[in-house]
Amino acid sequence: MTALWCLYNFLFPIVFLLLLPKYLLRMAKRGGYAKDFPERFGSYPPLVKEKLSAPGPVVWVQAVSVGEIGIARSFIDALCPLVPEARFVLSTNTSTGYALAKKAEAASQGRVEAVYFPLDFPPFVRRAFRAIAPDLLVLVENEMWPNVMRRAVAENVPMLLVNARISEHSFRGYRKIRFLTRDLLPKLSRVCAQSDGDRERLLALGARAEAVETTGSAKYDIPPTAPDAAAKAKAYLAGIFPPDALVACGGSTWPGEEAFLLDWFGEARKKFPHLRLVLVPRHAERRGEVAGEIARRGFRYAQKSLPEKAAPEGGADVALVDTTGELRGFYAASDLVFVGKSLFEKGGQNPIEPAADGKAVITGPHLENFPAIREDFLAAEAMRVAKDGTGVREAMDALLADGAAREAMGKRARDLVRAKAGATRKMALRAVELLHTRRA
C-alpha cells in the first residue's frame, strides 16, 4: 500500500489548496477561523502540552463537528469515573464544534483540553502526536483519517471507533474505495457499531469481525434538557408570545425549510389563532436570509441576537432564534417540533433531542443519517415521518388539533429514549479495556 499512501499524500495538499478559497469563505462567514489557527497544523499552546504532561493516561477524542461533540462529551462523562486519573483532549474540525468543545473544557475542572484537529498530512499529524502523546485515540461515528490512523499504529496507540455508522448511501460510496477501507478499518482496535446493519456494512468494507460489536446508538444517552436552559427559553417566549400560545418549533432547519414552515404557519393560524412559530436555523449565519423570509410574509418577529428585535409592538408571530447552543431549550419550551434537514436536504438532524423531553416530533422523508433510529421511532409510533411537504402539513395540523394524541406521542418518544439508553457506558468499558492493554 506504500504507493497508495504516497499518492494520497501527494494529492492531499493539491486538493486542499484548490478547496482553500471556499473553505476560507465559509469559515469567515461562520467566524472563528483565525482564532487558534496554528492548531490546525498540529501546533498547540505550551499550556496544553504542560497540562497533558501530568501523570495518568491521555485519551484523545476526535469529534468532527457539533453533533459528534455531544456524543464525545457523553463518552468522556461515562469514562471519567471509570478512569479517574485520565485526562482528555477533545478535538474537532469546525469553529462551531470548537465553541462547544471549549464549553466542555470549561466545565471539566481541568480534565479536558479542547483543540482543533490537525490537517491529515504527515508533518502536522506527527506534530500533534508529539504534543498530545495519547494513550488511546477515540474516533466518533464514521471518521477515517489515513495519516492519523497510520501514526497511531506506528506509535502503538490503540484506536476505538464509537457510535460507528455507515448509512446505505455512504456504503455505496465507500465501496468504490474499498481498496482503501480494507487497509484502514483493520487498524481499529475496537469498533462499537450503532446497529447490526452498520456492523455488517463495516465488515463488508474490511473491518475485523472480532473487533466489531453492536452496542446501540449513543445518541439515546442524552439527559432531558437542563432546567435552566428550558426556563430561559420559556421566559424569552413569554416575553414575546401571548400566555395561551400554542408553540410549534422548526429546529435545525436548512434552506427552503424556513420558507415552507412560514407558509404552513400562515395557513395553520387561520385554524389555530393562538399558534406561534419558533425557527432555529441549523447555521446561525443564515439569520439575514431567514429574517428576510419572515419579513416578506408580513409576520411580526423577534430576533434573539438583536435586542432591538426583542419585543415587537403587539407581540411576535415568529421567533427567530439565531444564537448557538440554545436549541434544546426551545425544543423543551415548544408544544410540537419539526426537525430539519429532512424535507429538502438529505441526511436529517437528530430527532432524539426533542423526544427526550417528551415532544411530538415530525420530520420529512430524509433521515439517511439516522436509519436505525428512524426504524426504532416508527416501530414505537413515537414520531411522524412524512413523505413530502403535504404530509408534513397534514401531520402538523392533526397534532395541533389533538392535544391528547400529541401528548401520547411525546410520552412514547420519551419512553423509547429511556429504554434505548446505555450504549455510551458499553463504549466507555471498551475504552477501559484498551487502556489496560496499552499499560500492560
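Our subject is the structure listed above.
In this report, the structure presented in the accompanying data block is examined. Note that this is a predicted model, so its numbers are computed, not measured. (Residues numbered from 1 in each chain as written. Predicted model: local features only at pLDDT ≥ 70, side-chain atom pairs only at ≥ 80, totals over all residues. Heavy atoms only, no water.)

Turning our eyes to something else, we now look at the overall build of the protein chain. Across its full length, the protein chain carries 18 helices and 14 strands. Over its C-alpha trace the protein chain gives a radius of gyration of 23 Å, about what one expects of a compact globule, namely 22 Å for 440 residues. In terms of overall dimensions, the protein chain has C-alpha extents of about 65 × 45 × 40 Å along its principal axes. Sorting the 440 residues of the protein chain into buried and exposed places 54% on the buried side. Taking the contacts inside the protein chain whose residues are at least 6 apart along the sequence as the reference set, 69% of them involve residues at least 24 apart. In the protein chain, 63 side chains carry a positive charge and 50 a negative one; their mean positions are 4 Å apart. (Helix = DSSP H or I, 4+ residues; strand = E, 2+ residues; numbered from the N terminus. Rg over C-alpha atoms; globule rule 2.2 N^0.38 Å. Buried < 20%, exposed > 50% of the residue type's maximum accessible area, 1.4 Å probe, protein only. Contact = heavy atoms within 4.5 Å. Lys, Arg positive; Asp, Glu negative; His and termini not counted. Charge placed at Lys NZ, Arg CZ, Asp CG, Glu CD.)

Further remarks concern unusual backbone geometry. In this structure, A133 is a non-glycine residue whose phi angle is positive, near 50 degrees. Examined against the element boundaries, A133 turns out to sit in the loop between α5 (122-132) and β4 (136-140). For S252, which is not glycine, the phi dihedral falls at a positive 55 degrees. Tracing the chain through its elements places S252 in strand β8 (residues 246-253).

Within the fold, S334 resides in the loop between α13 (327-332) and β12 (336-339). Excluding residues within four positions of it along the chain, S334 makes contact with V247, C249 and K359.

Strand pairing in a sheet takes place through backbone hydrogen bonds and is either antiparallel or parallel in direction. Spatially, β10-β11-β9-β8-β12-β13-β14 is the arrangement adopted by the seven strands of the open sheet, whose pairing is parallel. Each edge of the open sheet carries a strand with a single partner, namely β10 (301-303) and β14 (384-385). Contacts from helix α11 (residues 257-271) reach β8, β9 (275-281), β11 (318-320) and β12 within the one sheet, and its direction differs from that of β9 by about 175 degrees. (Pairing = 2+ DSSP bridges. Axes fitted to C-alpha atoms, helices over the stretch in contact; angles between N-to-C directions.)

Turning next to the packing of aromatic side chains. For the structure shown, the criterion picks out nine aromatic pairs. Three or more aromatic residues joined by ring pairs form one cluster here, namely W60, F117, F129 and W145. In this structure, R40 packs its charged tip against the face of Y116, placed 3.8 Å from the ring centre. Above the ring of Y236, the side-chain terminus of K304 is found at 5.2 Å from the ring centroid. (Phe/Tyr/Trp six-rings, centres within 6.5 Å; stacked < 30°, edge-to-face > 60°. Lys NZ or Arg CZ within 6 Å of the ring centre and 35° of its normal.)

A cluster of basic side chains, namely K49, R126, R127 and R130, defines a positive patch on the protein surface. The element contributing the most residues to the positive patch is α5, with three residues. (Patch = residues over 30% accessible without salt bridge, like charges linked within 9 Å, V, L, I, M, F, W, Y side chains within 5 Å. Areas by Shrake-Rupley, 256 points an atom, 1.4 Å probe, with all protein chains shown as cover. Salt bridge = Lys/Arg side-chain N within 4 Å of Asp/Glu carboxyl O.)

Of all the residues in α5, the buried ones are P122, F124, V125, A128, F129, A131 and I132. Positive backbone phi, approximately 50 degrees, marks A133, located one or two places after α5.

Below, the discussion takes up the pattern of salt bridges. With the rule as written, the count across this model stands at 29 salt bridges. A salt bridge links E200 to R199, with the shortest nitrogen-to-oxygen separation between them at 3.6 Å. Linking R208 and E210 is a salt bridge whose minimum nitrogen-to-oxygen distance equals 3.3 Å. One network of salt bridges, in which partners are shared, links R190, E213, R430 and E433.

To continue, consider helix α6 (residues 146-154). Every buried residue of α6 is accounted for by P146, N147, V148, M149 and A152. Looking one or two places after α6, you find N156, whose phi comes out positive at around 60 degrees.

Burial runs high along β4: five of the five residues are buried. Side-chain alternation along β4 places L136, V138 and V140 on one buried face and L137 and L139 on a second face that is also buried. In this sheet, β4 lies alongside strand β1 (residues 58-62) in parallel orientation, the contact comprising four bridges. The residue of β4 that forms the bridge with Q62 is L139. The pairing of β4 with strand β5 (residues 159-164) spans four bridges and is classified as parallel.

Once that is clear, we can look at the pairing of strand β2 (residues 87-92). Most of β2 sits out of view: six of its six residues are buried. Residues of β2 alternate between two faces, with R87, V89 and S91 on one and F88, L90 and T92 on the opposite face, all of them buried. In the sheet, β1 pairs with β2 via five bridges, with the strands oriented parallel. Counted as the bridge partner of W60 is V89 from β2. For the crossover from β1 across helix α3 (residues 66-79) to β2, the handedness is right-handed. What joins β2 to strand β3 (residues 112-116) is helix α4 (residues 95-107), and the crossover it makes is right-handed. (Right-handed = clockwise from strand over helix to strand, strands pointing away.)

Contact pair α11 / helix α16 (residues 389-401): the axes reach a minimum separation of 11 Å and the direction vectors enclose 40 degrees. Our pair here, α11 against α16, has a crossing hand that is right-handed. Contacts between α11 and α16 pair F260, L261, W264, A268 and K271 from the former with G389, V392, R393, M396, D397 and L400 from the latter. Taken together, the residues that form the contact of α11 with α16 break down as seven nonpolar, one polar and three charged. (Left-handed = near helix turned anticlockwise from the far one by under 90°. Nonpolar A, V, L, I, M, F, W, Y, C, P; charged D, E, K, R; others polar.)

Attention now goes to the side chain of E39. Its place among the elements puts E39 in the loop between α1 (2-30) and α2 (46-52). Buried within the structure, E39 lacks any salt-bridge partner; K102 is the closest side chain of opposite charge, at an N-O distance of 5.7 Å. Within the structure, the side chain of E39 is placed 2.9 Å from the backbone nitrogen of Y116, a separation counted as a polar contact. Contacts of E39, omitting those with residues within four sequence positions, involve Y44, P45, Y98, A114, V115, Y116, F117 and P118. (Polar contact = N/O pair within 3.5 Å; in protein donor to acceptor, adjacent residues only side chain to side chain.)

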